[in-house]
Amino acid sequence: QVQLVESGGGLVQAGGSLRLSCAASGRTFSTSVLGWFRQAPGKGREYVASIRWNTGIADYADSRQGRFTISRDNAKNTVFLQMNSVKPEDTALYYCAAAVGPGRPFSYWGQGTQVTVSS
């Protein structure tokens, strides 16, 4: 099993920045991709970004590229999501997820951290 714990959410004003963290523990060697997803009230879960543990190659949903940056600290088994120039529409519950490989389903999920952007 892999455990994922998100942190760093909170209330931020539009135009501000926030950094989310996702600490992975357990059988982390069984996963090679960590990703961020989000779910706004009344909407479905949507993909934000992902990163490969070993190479650091990152992938972004088109609409987030440029404002959001995903990174990782392999020594700490932690993945980050730096959110800049946030907008009220970025308000959502942000989830960290892990997959065993590129193109594989994200099968491990954290509980989420709430991000609220005020206008």
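Keep in mind the model is a prediction, meaning the values are calculated, not measured.

Focus: the side chain of R67
Then step 1. For R67, the position within the fold is in the loop between β6 (58-60) and β7 (68-73).
Then step 2. Look past the residues within four positions of R67 in its chain and what remains in contact with it is Q82, M83, N84, S85, V86, K87 and D90.

Details of the nonpolar core
Then step 1. By size, the foremost hydrophobic cluster in this structure holds 28 residues, and its most contacted members are L4, L34, W36, L81 and Y94.
Then step 2. Of all elements in the fold, only β1 (2-7), β3 (18-26), β4 (33-39), β5 (45-52), β7, β8 (78-83), β9 (92-99) and β11 (113-118) reach the threshold of two or more residues within this core.

Some thoughts on unusual backbone geometry
Then step 1. With a phi angle near 50 degrees, N77 is a residue other than glycine that sits in the positive phi range.
Then step 2. In this fold, N77 is placed in the loop between β7 and β8.
Then step 3. A residue is classified by how much of its surface remains accessible, and N77, at 27% relative accessible area, is partly exposed.

Conventions and cut-offs
- Residue numbers restart at each chain and count upward from 1, following the sequence in its written direction.
- Two thresholds apply to this predicted model, a pLDDT of at least 70 for residue-level local features and 80 or more for giving and counting side-chain atom pairs, whereas whole-chain, interface and lining totals are computed over all residues.
- Values reported for side chains reflect all heavy atoms of the structure, with hydrogen atoms and water molecules removed beforehand.
- Helix numbers and strand numbers start at the N terminus; a helix is a DSSP run of H or I with at least 4 residues, a strand a run of E with at least 2.
- By definition, residues are in contact when any of their heavy atoms lie within 4.5 Å.
- Only buried residues count toward a nonpolar core. Its members are Ala, Val, Leu, Ile, Met, Phe, Trp, Tyr and Cys residues joined through side-chain atoms within 4.5 Å.
- A simple rule labels every residue: compare its accessible area, found with a 1.4 Å probe on the protein chains alone, to the largest value its type can have, and call it buried under 20%, exposed over 50%, or partly exposed in between.

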